Each structure stands twice: as structure tokens, then as C-alpha cells.
Amino acid sequence: MKSITSPEILDELGRVLIRKFDVPKDNVTEYTRGILLASEVVFPVGEVKVIKEDPTDNVILETAYLGKADLIISGDKHLLKLKQFENIEIKKARAL
């Protein structure tokens, strides 16, 4: 199984780690660097427009699609409501 990410996902991860979990910025940089080293990076251009309630979630779908992912692991309610996108399953981490 491979990890797929995009610059937009890494930016959002950084913001969430700082805002919700009070992670120091230096640690966020270290974490995102580790993810970059372990992941294939794709570059979404904003073509996927499936989630209307929170359009920023569409970058997750487009990243998964461009990276030919089999699975999206998320806690996001909009993504989980879809359950699947273009043959890509969407599940909570606890469900694995």
C-alpha cells in the first residue's frame, strides 16, 4: 500500500495540527517532511467538484483519484458520507 498526498493536503494538515492539537510549528514541519518522504505527491488542479457543503474537501478526492488510490482514510463527515468515489473506498481509521 502506498501513501498519496498533495501540497494542499499537507498545508491543511499543518493548519489542523497547529489549530486543533497545538502542535509546535517546528514539529509540523518535521511531520510533513516525513510524509513527503514516504508518499507519492500529486498536484490537483481543482477539477473535482463533488462535495458542495465543503468544497475544500474535493482536493482529497482529486488527490486520491490522481494517485490511483484504493482507499481514503478520513474522519471528515462529508467524505465519509460519500462512502466511495470513483471506486475508491472512504473509511474511518477505526473501521480498518
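Being a predicted model, the structure only gives us computed values, none of them experimental.

1. Side note on the side chain of S6
Here is step 1 of the chain: If you trace the backbone, S6 turns up in the loop between β1 (3-5) and α1 (7-21).
Here is step 2 of the chain: The exposure class of S6 is buried, given its relative accessible area of 0%.
Here is step 3 of the chain: With sequence-adjacent residues up to four places away left out, S6 is seen in contact with V41, V42, P44, V59 and T63.

2. Observations concerning the side chain of E62
Here is step 1 of the chain: Along the chain, E62 turns up in helix α3 (residues 58-66).
Here is step 2 of the chain: For the buried E62, no salt bridge exists, and the shortest N-O distance to an oppositely charged side chain is 7.0 Å, to K49.
Here is step 3 of the chain: A polar contact of 3.1 Å, which involves the side chain of E62, links it to the backbone nitrogen of G46.
Here is step 4 of the chain: A polar atom in the side chain of E62 sits 3.0 Å from the backbone nitrogen of E47.
Here is step 5 of the chain: Apart from the residues lying within four places of it in its own chain, the contact partners of E62 are P44, V45, G46, E47 and V48.

3. Focus: unusual backbone geometry
Here is step 1 of the chain: Residues other than glycine seldom take positive phi values, yet E86 does so here, at roughly 50°.
Here is step 2 of the chain: Despite not being glycine, N87 shows a phi value in the positive range, around 65°.
Here is step 3 of the chain: For N87, a relative accessible area of 69% translates into the label exposed.

Conventions adopted
- Residues numbered from 1 in each chain as written.
- Predicted model: local features only at pLDDT ≥ 70, side-chain atom pairs only at ≥ 80, totals over all residues.
- Heavy atoms only, no water.
- Helix = DSSP H or I, 4+ residues; strand = E, 2+ residues; numbered from the N terminus.
- Buried < 20%, exposed > 50% of the residue type's maximum accessible area, 1.4 Å probe, protein only.
- Contact = heavy atoms within 4.5 Å.
- Lys, Arg positive; Asp, Glu negative; His and termini not counted.
- Salt bridge = Lys/Arg side-chain N within 4 Å of Asp/Glu carboxyl O.
- Polar contact = N/O pair within 3.5 Å; in protein donor to acceptor, adjacent residues only side chain to side chain.

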